[in-house]
Amino acid sequence: MQQGTSSQVTELLGRWRSGDRDALDSLIPLVYEELRRIAQHYLRNERPGHTLQSTALVHEAYVRLIRQDLPQWQNRAHFFAVAAQLMRQILVDHARAYRADKRGGGVCNLALDDAEKDALQVDVDIVALDDALKTLSAMDPQQGKVVELKFFGGLSIEDTAEVLGVSSSTVKRDWITARAWLHRELDRSAAL
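In this text, all values refer to a predicted model and were calculated from it rather than measured experimentally.

A. Expanded view of the overall build of the chain. When you go through the chain residue by residue, the secondary structure sums to eight helices and two strands. When the helices and strands of the chain are read in sequence order from the N terminus, they spell out α-α-α-α-β-β-α-α-α-α. Across the 192 residues in the chain, those meeting the buried criterion constitute 47%. Considering only contacts within the chain whose residues lie at least 6 apart along the sequence, 64% involve residues at least 24 apart.

Put into structure tokens, the structure is as follows:
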């Protein structure tokens, strides 16, 4: 997203936060492609034949976003982090429903290291990852947020640091630690 568009998004988010519902109508065309990119990131490693498409995921997230009463967006990065969190929850809900229907078959997978270009990719069950992330967040809320923003939100180290109000080096350190912990937890749960 270009700098001019980024400031325009931040301004529209502020107007929406102040109660201007028309600002949302102006905002969506500006953020739609980024939301689709996040959705495609999520869906890229899903099981074959997954019934949820990126457009449907964006639209469901949009519906949930507009249902919020005067959201407290801090900035553009915060908005995308919330949208990504909603998409994650939609996919987890979808995976849980699919599992219930199929009694464990066709588990949805994502690559845990997908946010790192040079990292080894390990496919994980999105429901197991969600459960592990909840446990991590209970132990260390900041590390949980870093994973949520970087992996699920697709935010950069710098954007994640901005949303959390910490330094980039803190985000890097938390990301490395959290990713190692999640790998260990997912390996342990897969062995059970």
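So that's the structure; there's more coming.
B. Structural context of the packing of aromatic side chains. All chains considered together, the criterion is met by one aromatic pair. Considering the side-chain rings of phenylalanine 79 and phenylalanine 80, the 5.3 Å spacing of their centres and the 70° angle between planes classify their relative orientation as edge-to-face. Given the relative accessible area of 1%, phenylalanine 80 is considered buried. The ring of tryptophan 175 has lysine 150 sitting right over it, with the charged end atom 5.2 Å from the ring centre.

C. Just the pattern of salt bridges, in detail. Counted under the stated rule, the structure contains 13 salt bridges. Two residues, aspartate 159 and arginine 76, come together in a salt bridge whose shortest N-O distance is 3.2 Å. Remark: arginine 76 occurs in helix α4 (residues 76-102) and aspartate 159 occurs in helix α7 (residues 157-164); sequence separation between them is 83 residues. Each of the two residues, aspartate 159 as well as arginine 76, counts as buried. The residue arginine 96 makes a salt bridge to aspartate 130 at a minimum N-O spacing of 3.3 Å. Taken together, the residues arginine 96 in helix α4 and aspartate 130 in helix α5 (residues 126-139) connect sequence positions 34 residues apart. Under the relative-accessibility criterion, arginine 96 is labelled partly exposed at 32%. Looking at aspartate 130, the relative accessible area reads 0%, which means it is buried.

D. Representation of the environment of alanine 77 in the model. Its place among the elements puts alanine 77 in helix α4. Sequence separation between alanine 77 and glutamate 162 is 85 residues, and the spatial gap between their C-alpha atoms is 7.7 Å. The residues contacting alanine 77, other than those within four sequence positions of it, are Leu155, Asp159 and Val163.

E. Structural detail: the nonpolar core. Membership of the largest hydrophobic core comes to 54 residues, with the highest contact counts inside it found for Trp16, Leu27, Leu57, Phe79 and Met87. Those elements that place two or more of their residues in this core are α1 (3-17), α2 (21-43), α3 (54-66), α4, α5, α6 (141-152), α7 and α8 (168-191). For this core, the leading source of residues is α4, giving 13 residues. Ignoring anything within four residues of it in the chain, the contact list for methionine 87 reads Leu35, Ile38, Ala39, Tyr42, Leu57, Val58 and Ala61.

F. Spotlight on the side chain of threonine 170. In this fold, threonine 170 is placed in helix α8. Taking the relative accessible area as the measure of exposure, threonine 170 reaches 17% and is therefore buried.

G. Broad picture of α8. End to end, α8 covers 34 Å across 24 residues, agreeing with the expected 34 Å (1.5 Å per residue, within 8%). Every buried residue of α8 is listed here: Thr170, Val171, Asp174, Trp175, Ala178, Arg179, Trp181, Leu182, His183, Glu185 and Leu186.

H. Local environment of the packing of α5 against α6. Axis separation between α5 and α6 bottoms out at 5 Å; the angle between their running directions is 140°. Mapping the contact onto sequence places Leu129, Leu133, Leu136, Ser137 and Met139 in α5 and Pro141, Gln143, Gly144, Val147, Phe151 and Phe152 in α6. For the contact of α5 with α6, the residue count by class is eight nonpolar, three polar and no charged.

Definitions and limits used
- Residues numbered from 1 in each chain as written.
- Predicted model: local features only at pLDDT ≥ 70, side-chain atom pairs only at ≥ 80, totals over all residues.
- Heavy atoms only, no water.
- Helix = DSSP H or I, 4+ residues; strand = E, 2+ residues; numbered from the N terminus.
- Buried < 20%, exposed > 50% of the residue type's maximum accessible area, 1.4 Å probe, protein only.
- Contact = heavy atoms within 4.5 Å.
- Phe/Tyr/Trp six-rings, centres within 6.5 Å; stacked < 30°, edge-to-face > 60°.
- Lys NZ or Arg CZ within 6 Å of the ring centre and 35° of its normal.
- Salt bridge = Lys/Arg side-chain N within 4 Å of Asp/Glu carboxyl O.
- Core = buried A, V, L, I, M, F, W, Y, C linked by side-chain atoms within 4.5 Å.
- Expected span 1.5 Å × (residues − 1).
- Axes fitted to C-alpha atoms, helices over the stretch in contact; angles between N-to-C directions.
- Nonpolar A, V, L, I, M, F, W, Y, C, P; charged D, E, K, R; others polar.

That is the geometry; function is a separate question.
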